[in-house]
Amino acid sequence: MILTGNEIEKQQQAGLITIEPFFQEFINPNSYDLRLGNQLLIYDEEVLSPRKENRYHLETIPESGYVLKKNHFYLGSSMEKIGSTRFVPLIHAKSGVARLGLFVHITADLIDIGSIGNITFQLYPTLDIRVYPEMRMGQVSFWTVKGEIELYHGKYQGSQGPQPSKSYLSFAGDEKRGTAF
């Protein structure tokens, strides 16, 4: 079951949902708006591999904006630190951003319960689009769980800023089990 905006605020005030900083004007009927931070992570390699740490660089988004080129892939992050040990956060694009041809989080939109940190936005523009620091890029909804809760303690816990793929950290363990991808 999804929480209403009023319930998100209530649970945030009770300390069961983390949203820092929190602004009441970012509450929607059943979600909370998330803003884009001021950095983009851009991979430097032509072919990426899940078996290794891929090279990348960070670009700062100036106040005047940064043009994302169509059919290129970028990673950004939320300004807000979010998460919960009680509810499951789901990340969605803002409809106005999506209507400009920018896919935000087309995969990996489910945040593990217990994961708390900045959200890494996956950004894929179908058209050139200028983005700005602090623009409302996405939104988070919170869902109740059924069953015993096991908190996330994985490789992205406490993320700050955009995070590259860390799949290579799991790969060695998968190889030992014969399940390497």
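Residues numbered from 1 in each chain as written. Predicted model: local features only at pLDDT ≥ 70, side-chain atom pairs only at ≥ 80, totals over all residues. Heavy atoms only, no water.

We now examine the overall build of the chain. Counting its regular elements, the chain contains 3 helices and 11 strands. Starting at the N terminus and ending at the C terminus, the chain contains elements arranged as α-β-β-β-β-β-β-β-α-β-β-β-β-α. The C-alpha radius of gyration computed for the chain amounts to 17 Å, which stays within 12% of the reference 16 Å derived for 181 residues, consistent with globular compactness. For the chain, the spread of C-alpha atoms along the three principal axes comes to 45 × 45 × 25 Å. The buried share of the chain, reckoned over its 181 residues, is 44%. A fraction of 72% describes how many contacts in the chain between residues 6 or more apart in sequence connect residues 24 or more apart. Surface summary for the chain: the accessible area is close to 10100 Å², and the carbon and sulfur share equals 51%. For the chain, the distance from the average site of its 18 positive side-chain charges to the average site of its 20 negative ones is 3 Å. (Helix = DSSP H or I, 4+ residues; strand = E, 2+ residues; numbered from the N terminus. Rg over C-alpha atoms; globule rule 2.2 N^0.38 Å. Buried < 20%, exposed > 50% of the residue type's maximum accessible area, 1.4 Å probe, protein only. Contact = heavy atoms within 4.5 Å. Areas by Shrake-Rupley, 256 points an atom, 1.4 Å probe, with all protein chains shown as cover. Lys, Arg positive; Asp, Glu negative; His and termini not counted. Charge placed at Lys NZ, Arg CZ, Asp CG, Glu CD.)

Before going further, it helps to examine the pairing of strand β2 (residues 32–35). Alternating residues of β2 divide into Tyr 32 and Leu 34 and Asp 33 and Arg 35, and every residue in both groups is buried. Of the pairings in the sheet, the one linking β2 to strand β11 (residues 136–143) comprises 4 bridges and is antiparallel in character. Residue pairing for β11: Tyr 32 is matched across the bridge by Val 140. (Pairing = 2+ DSSP bridges.)

Turning to helix α1 (residues 5–13), a few remarks are in order. For α1, the set of buried residues is Gly 5, Ile 8, Glu 9, Gln 11 and Gln 12. For α1, the buried positions fall inside an angular range of 170° around the axis, keeping them on one side. Exposed and oriented more than 90 degrees from the buried face of α1 are Asn 6, Lys 10 and Gln 13. Residues of α1 that are buried sit in contact with β1 (17–20), β2 and β11. At the exit of α1 stands Gly 15, carrying a positive phi of roughly 85°. (Arc of directions from axis to C-beta.)

With that settled, the discussion passes to the pairing of strand β3 (residues 39–43). Most of β3 is tucked away: 4 of the 5 residues are buried. Pairing analysis gives 5 bridges linking β3 to strand β4 (residues 56–60), with the strands arranged antiparallel. Within β4, the position partnered with Leu 40 by the bridge is Glu 59.

A separate point is the sheet that holds strand β7 (residues 88–93). The strand order across the open sheet formed by 3 strands is β2-β11-β7, and the pairing between neighbours is antiparallel. The open sheet has two free edges, formed respectively by β2 and β7, since each of these has just one partner strand. Averaged over all pairs of adjacent strands, the angle between strand axes in this sheet comes to 35°, irrespective of strand direction. (Axes fitted to C-alpha atoms, helices over the stretch in contact; angles between N-to-C directions.)

Ranked by size, the top nonpolar core spans 30 residues in total, and within it Leu 102, Phe 121, Leu 123 and Met 137 carry the most contacts. The set of elements that each furnish at least two residues to this core consists of β1, β2, β3, β6 (74–84), β8 (102–104), β9 (116–125), β10 (129–131) and β11. Apart from the residues within four sequence positions on either side, Leu 102 is in contact with Leu 68, Val 97, Leu 123, Tyr 124, Pro 125, Ile 129, Val 131 and Met 137. (Core = buried A, V, L, I, M, F, W, Y, C linked by side-chain atoms within 4.5 Å.)

One pass over the structure, following the stated rule, counts 8 salt bridges. Across the salt bridge formed by Asp 128 and Lys 69, the nearest N and O atoms sit 3.8 Å from each other. Separated by 59 residues along the polypeptide, Asp 128 in the loop between β9 and β10 and Lys 69 in the loop between β5 (66–68) and β6 bring together distant segments of the chain. Overall, Asp 128 belongs to the partly exposed group, its relative accessible area being 45%. Residue Lys 69 is classed as partly exposed on the basis of its relative accessible area of 42%. Residues joined in a network through salt bridges with shared partners are Asp 33, Lys 94 and Arg 136. (Salt bridge = Lys/Arg side-chain N within 4 Å of Asp/Glu carboxyl O.)

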